[in-house]
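Residues per chain are reported as follows:
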Amino acid sequence: MAIRTMTHHECVEMLNAGHYGHLACCNEGQPYIVPVYFVFDARVAYSFSMPGRKVEWMRENPRVCLQVEERQLKGSWRSVILDGKFQELPDNDTWHEERLHAWSLLQKHRDWWEIGSLKPDAVPPSHASPHLFYAIYMNDVTGRAATQIDL
Ligand SMILES: Cc1cc2nc3c(=O)[nH]c(=O)nc-3n(C[C@H](O)[C@H](O)[C@H](O)COP(=O)(O)OP(=O)(O)OC[C@H]3O[C@@H](n4cnc5c(N)ncnc54)[C@H](O)[C@@H]3O)c2cc1C
């Protein structure tokens, strides 16, 4: 197997194409990672969520990362890690446009909202709709690609 560093262009291309990744945040030295759907556009990853641990933690510490991977035939793979900053997109004058932009990108994908709007049965449903949109502004991105070499 040969491993190489992906170019910035390849990393961005992969983020543009991928809509599923692992979002990692950290609070008081404790890491937390969850699978999420997202859409990437112009150095920003957008996603949708209900309030919960990840959102509380990202509010406390907005430095997060998002990891995306692809596995190909014969053991080849590509993996990208985006380091970024969490920004909630509330429905107010400051963030309204970007919130709409996030929604317009996310809604192009089937079921984009469903998992992010669900909680386990034990959590009582709320009549108010507390769902939220958020952005992760990219600071840095790295990628590695591995190719299986048949000997
Ligand atoms: C394919 C896929 C796509 C998803 N897309 C989204 C999305 O776009 N937006 C979104 O908000 N969520 C999405 N989820 C669900 C997400 O992974 C979290 O389960 C969910 O967001 C709740 O996270 P929370 O921090 O609010 O947890 P809370 O509801 O606050 O619960 C916290 C507790 O539950 C545990 N917990 C929470 N989630 C998980 C988990 N996934 N696995 C194991 N333990 C868990 C934590 O460890 C902690 O103990 C997706 C999941 C999958 C599998």
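Here we summarise the structure given alongside this text. (Residues numbered from 1 in each chain as written. Predicted model: local features only at pLDDT ≥ 70, side-chain atom pairs only at ≥ 80, totals over all residues.)

## Here we look at the overall build of the protein
Point 1. Counting secondary structure elements, the protein contains three helices and eight strands.
Point 2. Along the protein, from the amino end to the carboxyl end, the secondary structure elements read β-α-β-β-β-β-α-β-β-α-β.
Point 3. Counting only C-alpha atoms, the protein reaches 60 × 35 × 35 Å along its principal axes.
Point 4. Burial statistics for the protein: of 151 residues in total, 26% are counted as buried.
Point 5. Considering only residue pairs separated by 6 or more positions, the protein has 72% of its internal contacts joining residues 24 or more positions apart. (Helix = DSSP H or I, 4+ residues; strand = E, 2+ residues; numbered from the N terminus. Buried ≥ 20, exposed ≤ 12 C-beta atoms within 10 Å, placed from the backbone. Contact = placed C-beta atoms within 7 Å.)

## Comments concerning helix H1 (residues 8–17)
Point 1. Listed in full, the buried residues belonging to H1 are Cys11, Met14 and Leu15. The arc that holds the buried residues of H1, viewed along the axis, is 100°, so those residues lie on one side. Of the exposed residues in H1, those oriented more than 90 degrees away from the buried face are His9, Asn16 and Ala17.
Point 2. Looking at the packing, one finds that the buried side of H1 touches strand E4 (39–41), strand E6 (63–71), strand E7 (77–88) and strand E8 (132–147). (Arc of directions from axis to C-beta.)

## Quick word on the nonpolar core
Within soluble globular proteins, side chains that are nonpolar tend to cluster in buried spots.
Point 1. Within the largest apolar cluster, 29 residues are counted, with the highest numbers of intra-cluster contacts made by Ala45, Tyr46, Val64, Leu66, Leu82 and Ala135.
Point 2. Among the elements of the structure, H1, strand E2 (20–27), E4, strand E5 (44–49), E6, E7 and E8 are those that each provide at least two residues to this core.
Point 3. Look past the residues within four positions of valine 64 in its chain and what remains in contact with it is Leu23, Ala24, Cys25, Met58, Gly84, Phe86 and Ile136. (Core = buried A, V, L, I, M, F, W, Y, C linked by C-beta atoms within 7 Å.)

## Observations concerning the site of the ligand
Point 1. The immediate surroundings of the ligand are formed by 14 residues, with Ser49, Gly52, Arg53, Lys54 and Gly116 found nearest.
Point 2. Counting residues per element, the ones that place at least two in the shell around the ligand are strand E3 (30–37), E5 and helix H2 (53–60).
Point 3. Tallying contributions element by element places E3 first for the shell around the ligand, with four residues.
Point 4. Here the residues of the shell around the ligand sort into seven nonpolar, four polar and three charged. (Near = placed C-beta within 6 Å. Nonpolar A, V, L, I, M, F, W, Y, C, P; charged D, E, K, R; others polar.)

## Thoughts on the pairing of E8
Point 1. Strand direction decides the pairing type here: strand E1 (residues 2–5) and E8, joined by four bridges, are antiparallel. Bridge pairing in E8 links isoleucine 3 to alanine 146.
Point 2. Summarising the sheet, E5 and E8 pair through six bridges and their orientation is antiparallel. Counted as the bridge partner of serine 49 is leucine 132 from E8. (Pairing = 2+ DSSP bridges.)

## Considering the pairing of E2
Point 1. The pairing of E2 with E3 spans eight bridges and is classified as antiparallel. Across the sheet, residue tyrosine 20 finds its bridge partner in E3, namely tyrosine 37.
Point 2. Hairpin connection from E2 to E3: two residues lie between these consecutive antiparallel strands, with glutamate 28 at a positive phi of about 50°.
Point 3. Pairing of E2 with E6 involves three bridges; the strand directions are antiparallel. The residue of E6 that forms the bridge with leucine 23 is leucine 66.

## Concerning the environment of tyrosine 32
Point 1. Checked against the element boundaries, tyrosine 32 lands in strand E3.
Point 2. Ignoring sequence-local partners within four residues, the contact set of tyrosine 32 consists of Cys25, Arg53, Lys54 and Trp57.

## Points about unusual backbone geometry
Point 1. Positive phi is not limited to glycine here, since glutamate 28 has a value of about 50°.
Point 2. With respect to the helices, strands and loops of the structure, glutamate 28 is situated in the loop between E2 and E3.
Point 3. Assessed through the 7 C-beta atoms surrounding it within 10 Å, glutamate 28 is described here as exposed.
Point 4. With a phi close to 70°, arginine 43 is a non-glycine residue in the positive phi region.
Point 5. By the element assignment, arginine 43 lies in the loop between E4 and E5.

Scope: geometric values only; no functional claims are made or implied.
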